[in-house]
Amino acid sequence: MRDQQETRDLVEQAVELARRAGADSADAVFSASRSSAVQVRMGALEDVHRSEAEAIGIRVFAGQRSATVSTSDFEAESLAELVRRAIEMARQAPEDPYAGLAPSELLAAPPFAEFDDWDPVEPEPAALQQLVLEAEAAALAVPGVANSNGSGTSSGASIRGIATSAGFSGVSRSTIHSLSASVVAGEGSGMQRDHDWDSARHASDLADPASIGKRAGERAVARLNPIKLKPGPMAVLFEPRVSTGLLGHFAQAISGSSIARKSSFLQDRLGQQIFEKGIAIIDDPFRPRGLRSRAFDAEGVTVRRMALVEDGVLTSWVAEAASARQLGIAPTGHAARGVSGTPGAGPSNLYLEAGERSVADMIARHPRLLVVTELIGQGVNPVTGDYSRGAAGFLYENGERVGAVSEITVASNLIDMFASLEPASDLEFRRGIDAPSVLVPEMVVGSA
């Protein structure tokens with residue numbers, strides 16, 4: 001995999017080639033990655049593989065027309081020919097009044113922030129295999145667990161470079177490690193499955209393999225012998241591993257492209273109270289070892305920590321240059337882009353701030369409450385906010401667990417859910433998008 005200087009040289013070369021070939025402006029994105037993975041099942045090695053990939057994407061502008069091309073051939077002559085064809089394509093493309101690079105005055109400048117997101121140690125395959133064997137063994141040791149769906153681990157690294165004809169040039173690199181276990185409990189038609197996993201920038205930050213396996217096993221066993229649920233309105237508590245999905249819907253709804261297309265249920269809600277007072281949603285690109293930390297966005301724009309929701313009020317959209325122009329705002333530093341596409345917008349380390357009450361207190365204060373541990377399907381309308389998902393979890397009555405439930409649905413509207421939800425106190429930073437458990441006081445729960 002190329003080093004940082006080689007990466008910088010390549011993207012700067014691509015932009016210079018575009019300038020010499022007659023492009024009015026241009027940018028280039030290079031991405032390279034390597035990954036090693038091991039999969040085991042029932043103590044036997046199922047798969048070991050290693051992969052490497054690298055590619056460069058070049059976007060050229062001819063006035064308000066643009067084209068994007070990509071390649072894995074980095075020879076100077078090949079790049080020059082690719083750029084020439086891209087300019088020809090751009091000249092034939094339809095005009096876009098919002099096309100163009102990000103404003104030069106918003107571009108990040110070195111020295112760039114660092115986040116300790118590079119682990120210099122690459123685990124050997126034997127070490128990876130030992131991790132998954134430990135995780136699976138711990139899961140299979142839980143009474144009631146009958147089989148394994150497989151346990152896996154991976155270790156990878158990536159490097160990314162961006163250059164623009166407006167003068168920006170930047171390179172970032174990071175590593176990622178992950179470990180998971182998935183098992184089956186019970187027998188026959190009563191079988192239930194569940195899993196646990198963890199990921200981190202440094203291998204030393206991963207959860208202990210035995211704890212991951214044990215949680216996977218205990219979760220699967222807890223789902224055995226589900227009871228029949230009487231449908232109707234009730235309080236619903238989303239566990240952290242599913243409550244993050246609510247933040248995902250929020251992020252999509254405030255993206256500049258959704259607002260510009262008028263396809264968001266939060267259309268025209270900027271500056272309004274959409275959550276209860278005291279609720280805050282934070283986008284923090286500077287978290288040390290964060291899974292989505294970055295010193296600049298995919299257009300080279302400066303990033304900053306933002307309270308996207310403050311005291312319940314929606315304070316900002318997230319927008320790359322094109323949708324920002326369409327909305328009449330400045331780019332917010334949230335551009336995201338692959339090598340072969342045009343930029344979109346997405347958050348960095350996004351999280352819902354923790355509340356004051358514990359999960360136990362929330363459960364105890366409701367005579368009937370559903371704890372959702374799994375969501376199924378994609379029944380969310382991004383335009384209206386209508387929300388209906390398949391679910392599984394546990395029913396509680398008067399603070400006591402009555403039993404597991406499955407094959408149910410939970411339904412409401414995201415506008416109403418946002419306006420009434422309460423975050424619990426159990427926030428942990430484990431993903432790029434994080435939330436504590438979230439209580440919605442009333443949803444309609446259906447049963448098959």
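See the structure printed just above.
Below is a summary of the structure that appears in this document. (Residues numbered from 1 in each chain as written. Predicted model: local features only at pLDDT ≥ 70, side-chain atom pairs only at ≥ 80, totals over all residues. Heavy atoms only, no water.)

**Concerning the sheet that holds strand 6 (residues 192–200)**
Backbone-to-backbone hydrogen bonds join strands into a sheet, with any given pair of strands oriented parallel or antiparallel. To keep things clear, this is the line we draw: By this definition, two strands are paired if DSSP reports at least two bridges between them. By the criteria applied, helices consist of DSSP H or I runs no shorter than four residues and strands consist of E runs no shorter than two, each listed in order from the N terminus. To obtain an axis, a line is fitted to C-alpha atoms, over the contacting stretch when the element is a helix, and the angle between two such axes runs from 0 to 180 degrees between their N-to-C directions.
Spatially, 3-2-1-4-5-6 is the arrangement adopted by the 6 strands of the open sheet, whose pairing is antiparallel. Looking along the sheet, the strands with just one partner apiece sit at the ends: strand 3 (65–71) and strand 6. Taken pair by pair, the neighbouring strands of this sheet meet at an average axis angle of 20°, ignoring direction. Pairing geometry for strand 5 (residues 169–185) and strand 6, over 9 bridges, is antiparallel. Bridge pairing in strand 6 links Ser182 to His195.

**A closer look at helix 2 (residues 76–92)**
As a reminder, the rule being used: Here, expected helix span is obtained from the residue count minus one, scaled by 1.5 Å. Contacts: residue pairs with any heavy atoms within 4.5 Å of one another.
Over its 17 residues, helix 2 runs 25 Å from end to end, which matches the ideal 24 Å to within 8%, given 1.5 Å per residue. Residues of helix 2 that are buried in the fold lie against helix 1 (4–20), strand 2 (44–62) and strand 3.

**Focus: the packing of helix 3 (residues 125–140) against helix 4 (residues 209–222)**
We count it as follows: Left-handed describes a crossing in which the near helix is turned anticlockwise from the far one by less than a right angle; the clockwise case is right-handed. Residue polarity is assigned by list, with Asp, Glu, Lys and Arg as charged and Ala, Val, Leu, Ile, Met, Phe, Trp, Tyr, Cys and Pro as nonpolar; anything else, Gly included, falls into the polar class.
In contact at an axis separation of 7 Å, helix 3 and helix 4 are set at 35° when each is read in the N-to-C sense. Where helix 3 crosses over helix 4, the two elements pack in a sense that is right-handed. Between helix 3 and helix 4, the residues in contact are Leu131, Glu134, Ala135, Ala138 and Ala139 and Pro209, Ala210, Gly213, Lys214 and Gly217, respectively. Residue composition of the contact of helix 3 with helix 4, grouped by class: 6 nonpolar, 2 polar and 2 charged.

**Regarding the side chain of Ser264**
Note the cut-off: Pairs of N or O atoms are called polar contacts if they sit within 3.5 Å, as long as, within protein, a hydrogen donor faces a hydrogen acceptor (for residues adjacent in sequence, only side-chain-to-side-chain pairs).
Relative to the helices and strands, Ser264 is located in the loop between helix 6 (256–260) and strand 8 (281–283). At a separation of 2.6 Å, a polar atom in the side chain of Ser264 contacts the main-chain carbonyl oxygen of Ala253. At 3.0 Å, the side chain of Ser264 forms a polar contact with the backbone nitrogen of Leu266. Every residue in contact with Ser264, bar those within four places of it in the chain, is listed here: Ala253, Ser258, Ile259, Pro382 and Val383.

**Some details on the pairing of strand 16 (residues 400–413)**
Where strand 15 (residues 386–397) meets strand 16, 11 bridges bridge the pair, whose relative direction is antiparallel. Within strand 16, the position partnered with Glu397 by the bridge is Glu400. Between strand 15 and strand 16, which follow one another and run antiparallel, lie 2 residues, and Asn398 among them has a positive phi close to 55°. With 4 bridges connecting them, strand 16 and strand 19 (residues 438–447) associate as antiparallel partners. From the neighbouring strand, Thr409 faces strand 19, where its bridge partner is Gly446.

**Things to note about the sheet that holds strand 9 (residues 306–310)**
Pairing within the open sheet is mixed, and its 5 strands lie in the order 10-9-8-13-18. The open sheet has two edge strands, strand 10 (313–314) and strand 18 (433–434), and neither has a second partner. Direction of pairing for strand 13 (residues 350–352) relative to strand 18: parallel, over a ladder of 2 bridges. When the sheet's bridge partners are listed, Tyr351 is paired in strand 18 with Asp434.

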